Amino acid sequence: MNTIRAWFTKTGEASYISHLDLQRVMGRAMRRAKLPVWYSKGFNPHIYMTFALPLSLGQESLVESVDFRSEEENLDFEAMAKALSDALPRGIEVKKMYFADTDAAKIASAKYQVRIAGDWTSAMEKYNALPEAIIEKKTKRGSKPLNLKEQIPQIESWVRDGETCFALTLPAGSSGLNLNPSLLLQYLEQQYGLPAAQAHILRVAIYTEDGGKFLG
Amino acid sequence: MFNENLKAALAAVQKPGRYTGGEPGCVYKDKSDLDLRFAFCFPDTYEVGMSFLGMKILYEELNKNPHWWCERAFMPWVDMKAEMEKRNIPLYCLESKDPLSEFDIVGFTLQYELSYTNILAMLDMAGIPLRAADRDDTMPLVVAGGPCVCNAEPLAPFFDMMMLGEGEEQLPAVCELTVRAKKEGWSKKQLLRAMADIPGCYIPSLYEVNYNEDGTVKEILPLDGVPAVVTKAIIKDMNSQPLPTNFIVPMVGAVHDRAQIEVLRGCVRGCRFCQAGFLYRPMRERKAEMLNEAARDLCANTGYDEVSLTSLSTSDHSQLETLLDEMLEWTPEQHVNMALPSLRIDNFSESLIQKTTKVRKSGLTFAPEAGTQRLRDVINKNVTWEEIEKSCRTAFEGGYTGVKLYFMMGLPTETMEDIEGIAETAQKIVDLYYQNPDKPKGRGVQVTISVSCFVPKPHTPFQFCPQDTKEMLEEKQRHLVRSVKSKKITVRYHDSKTSFLEAVFAKGDRRLADALEEAYRRGCYFDGWDDQFKYDTWLEVFHDLGVDMAFYANRQIPTDEITPWDHLHYGVTKRYLISEYEKALSAKTTPPCNRHCAGCGANKLLGGACFEYDQSVVHQNG
Ligand code: SF4
């Protein structure tokens, strides 16, 4: 049995598909694309599927992945990727399919590009000058204070086509701290009135502990 | 129009996926190459609307034409409505994100009386004037279809046209005529007059209704030479209508999120309370072979892993067992489950139960509708206790432990004895379970009684009957709860207030339009949702406008009175409705159509007999 990884993007309208809904959408697309997927045994067989790093609703990504299994040995990955792409909704495109190499448990961080209308560079400078930036982060049991400056000491921002742009590399993964870029935006909204809900967040890379790329 | 403004609104609401479109199966077209744009509007949430088979059928039908583009719009939930109003986003169709006002035809499906205010809300959100008389020729044609069109008189001033009956042939005819009118520069008035000649097309403004002093209808006058009576459109041969082979597959969970195969249309049973049973007469089946192929294609094209055989009464299909056998040949290997809704208590046979349990074992659902044999005879629900007993015993032996029973309350001639009968029926089923020697160890039985309030509906034999008052219904609900003695029985009943409003609008006339509009202006919409229903506002509106709700809901209608829907014909004669009503009062039953024709008149729609009364077409158990 092999584990196969499909690397896909999730942009535009598709960014509003929740993680839970995505699982159903992906399962149906695999069936529609007639991929030789393996079903779990038992009374209610289902496709065995795992997604690497859930994406928040409304955020876009170039680096999503889903793993599934197959008993088939001779696989035409290129044809499978195309068939799956065709079966998926607008905004989800399969870039590549291959035998899963890196273990998703090794994921350590993710990189995001953020864009927001208007010139917010002076707010960013104010942030950069702060000794600390405390925000309440929701946890499974209530919430606890977190100093954003520990993870994001400086934000290097610039203005292009009337938008403020910057990039963030944040801890991510199934173990340890997970930091969502929206938390920083929330802080910037509270402090400087930046309209967080209007920000575009695009995930562009996922890295493993050793600094290597998870996908690609 | 998928712009920043809309994105900001989406960022602020729950389940934004309801407002984006882009689902697999969703159709996109090049706007420069179109003759006609049709906005198919469902006046309820995305989740409810996307479960509705009719929309999927017509979406595929219209989009077959390369020069027509049919798109969808739903009623945005309260949070999204507020966001859109705040940001000046007009109501748009999901595919193109263009506002409804840019379409040639805006069509609503009327499934439920309590969605009427949502229609007004949707028009208003789109910037389309509510009343047909206030819309000039640049505005889209606003039309309606669906079962409630059988008496949508309270909506008459809002619609340019309503379509009675089945849409597969009628709706394309309407679109063709509209395209022609556009090309030849007809006025809206000209177009509507021409539409009146398409089967089932009803132009409310071309009928003048006059009233008597006592508030009853005096006469309904056709104007401009339109037919005095509009007869519904019908698909004579269901085998001539291919089933949809692709569906838009919703991404945000729909209520019924599965492949649906319409095995038959109509119903042979003739339950006297059931409006659908009268509106869709005569019953017409599709061949098993066609259904099996369609099911397979649909599952392959959509990726669904569940297929349901839908209709008003699936187990009355004469080839059901053949169909199930054929489907069982491919469904397991394709990992597809089968679901059979609307199984009838009286022919829930052993082999049927085995076929369904092979793939799925969930609770069992039966609808005896009334608690005593006498009352079941009144409503012509041809079910006996012996049959209930047999079905439940089979089910319990097959390992089922839960039974859900549907009843109605407030049925004509009902007494407290009939209410007690509901509790007794449930109790006897509990007892039956414990008599089964093979019952699963350590597992009790759970019998749920779900009771709704009876709403007399137009075009049924009970259209003449008054609805029980709210007080009477509430007393009966209390009596039922008192009559239930076992902890194994759970009673669920529905709020009688919504049923009352439903009854008012079901049998309403054009004079209710003002109340509807006023209620909407005062903030009523999503009336079908308990948490949004503003009963007190409704009462105030009726009071302020001086309209008596009881006149519509709680009044006995003499059989010779002209009803507001007398000019709308669904094939069944009024004479037949009266005779069924009289039989009901003396608790006399009428056999199902596939056994014996009772002469309702609907056969005229087909131009021949409805059934060949040959034993091979009569279901063995039916
Ligand atoms: S004409 Fe006879 S068989 Fe046909 S629907 Fe009416 S009662 Fe049934």
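Residues numbered from 1 in each chain as written. Chains lettered and ligands numbered in written order. Predicted model: local features only at pLDDT ≥ 70, side-chain atom pairs only at ≥ 80, totals over all residues. Heavy atoms only, no water.

**Brief notes about the pairing of strand β3 (residues 105–109) of chain B**
Residue and element names in this part refer to chain B.
Part 1 of the argument: β3 sits mainly inside the fold: 5 of its 5 residues count as buried.
Part 2 of the argument: What you see with β3 is no split at all: I105, G107 and T109 on one side and V106 and F108 on the other are buried throughout.
Part 3 of the argument: Across 4 bridges, strand β1 (residues 36–42) lies against β3 in parallel orientation. Its bridge partner being in β3, F40 is matched across the sheet by G107. (Buried < 20%, exposed > 50% of the residue type's maximum accessible area, 1.4 Å probe, protein only. Helix = DSSP H or I, 4+ residues; strand = E, 2+ residues; numbered from the N terminus. Pairing = 2+ DSSP bridges.)

**Things to note about the site of the ligand**
Part 1 of the argument: Every residue near the ligand is listed here: R281(B), P282(B), C593(B), C597(B), A598(B), G599(B), C600(B), N603(B), C610(B) and Y613(B).
Part 2 of the argument: Taken together, the residues of the shell around the ligand sort by class into 7 nonpolar, 2 polar and 1 charged. (Near = heavy atom within 4 Å. Nonpolar A, V, L, I, M, F, W, Y, C, P; charged D, E, K, R; others polar.)

**So, the sheet that holds β3(B)**
Residues and elements named next belong to chain B.
Part 1 of the argument: Spatial ordering of the open sheet is given by β2-β1-β3-β4-β5-β6, a layout of 6 strands whose pairing is mixed. One side of each edge strand has no neighbouring strand; the edge strands of this open sheet are β2 (68–74) and β6 (201–202).
Part 2 of the argument: Of the strands in this sheet, β1 and β2 are in contact with helix α3 (residues 53–63), which crosses β2 at around 155°.
Part 3 of the argument: Each of β4 (141–145), β5 (161–163) and β6 is contacted by helix α7 (residues 188–195), which is oriented at about 20° to β4, the strand it contacts most. (Contact = heavy atoms within 4.5 Å. Axes fitted to C-alpha atoms, helices over the stretch in contact; angles between N-to-C directions.)

**Observations concerning the environment of E471(B)**
Part 1 of the argument: By the secondary structure assignment, E471(B) is in helix α15 (residues 470–483).
Part 2 of the argument: Residues E471(B) and L130(B), spaced 341 residues apart in sequence, show a C-alpha to C-alpha distance of 35 Å.

**Brief notes about the environment of F464(B)**
Residue and element names in this part refer to chain B.
Part 1 of the argument: Mapped onto the fold, F464 is located in the loop between β17 (446–453) and α15.
Part 2 of the argument: On a C-alpha basis, the gap between F464 and A395 in space is 38 Å, while along the polypeptide they are 69 residues apart.
Part 3 of the argument: Among residues more than four places away in sequence, those in contact with F464 are K507, R555, Q556, I557, P558, T559, K574, L577, I578 and Y581.

**Some details on the sheet that holds strand β16 (residues 402–409) of chain B**
Residues and elements named next belong to chain B.
Part 1 of the argument: Across the sheet, 4 strands lie side by side as β15-β16-β17-β18; this open sheet has parallel pairing. Of all strands in the sheet, those with a lone pairing partner are β15 (364–369) and β18 (489–493), marking the two edges. On average, adjacent strands in this sheet sit at an angle of 20° to one another, irrespective of strand direction.
Part 2 of the argument: Summarising the sheet, β17 and β18 pair through 5 bridges and their orientation is parallel. In the strand pairing of β18, S450 is matched with R492.

**Some remarks on the interface of chain A and chain B**
Part 1 of the argument: Tallying the contact residues gives 22 residues for chain A and 33 residues for chain B.
Part 2 of the argument: Contact with chain B buries area across many residues of chain A, yet Y16(A), R28(A) and R31(A) alone supply 32% of it, more than any other trio.
Part 3 of the argument: Scanning the region where chain A abuts chain B turns up 3 salt bridges.
Part 4 of the argument: The shortest N-O distance in the salt bridge between R24(A) and D257(B) comes to 3.8 Å.
Part 5 of the argument: Where chain A touches chain B, the interface holds 9 residue pairs in polar contact (both at pLDDT 80 or more).
Part 6 of the argument: Considering each element in turn, the side of chain A that touches chain B owes the most residues, 6 residues, to helix α1 (residues 19–32) of chain A.
Part 7 of the argument: Across the side of chain A that touches chain B, the residue classes break down as 10 nonpolar, 4 polar and 8 charged. (Buried area = accessible area lost by both parts, 1.4 Å probe. Salt bridge = Lys/Arg side-chain N within 4 Å of Asp/Glu carboxyl O. Polar contact = N/O pair within 3.5 Å; in protein donor to acceptor, adjacent residues only side chain to side chain.)

**Regarding the domain arrangement of chain A**
Reports often express the size of an interface as the amount of accessible area lost when the parts come together.
All names here are of chain A.
Part 1 of the argument: Domain annotation for chain A reports domain 1 (2–101) and domain 2 (106–215).
Part 2 of the argument: Spacing between the C-alpha centres of domain 1 and domain 2 amounts to 27 Å.
Part 3 of the argument: Taken together, the 15 residues of domain 1 in the interface contact 17 residues of domain 2.
Part 4 of the argument: Both sides of the domain 1 and domain 2 interface together cover about 1,300 Å² of buried area, and 60% of this is carbon and sulfur.
Part 5 of the argument: The three residues of domain 1 that bury the most area against domain 2 are L53, Q59 and V63, which together make up 47% of that side's buried surface.
Part 6 of the argument: Remark: the boundary between domain 1 and domain 2 carries 1 salt bridge.
Part 7 of the argument: Among the salt bridges present, the one from E64 reaches R203, with a minimum N-O distance of 2.7 Å. (Domains from an automatic or database assignment.)

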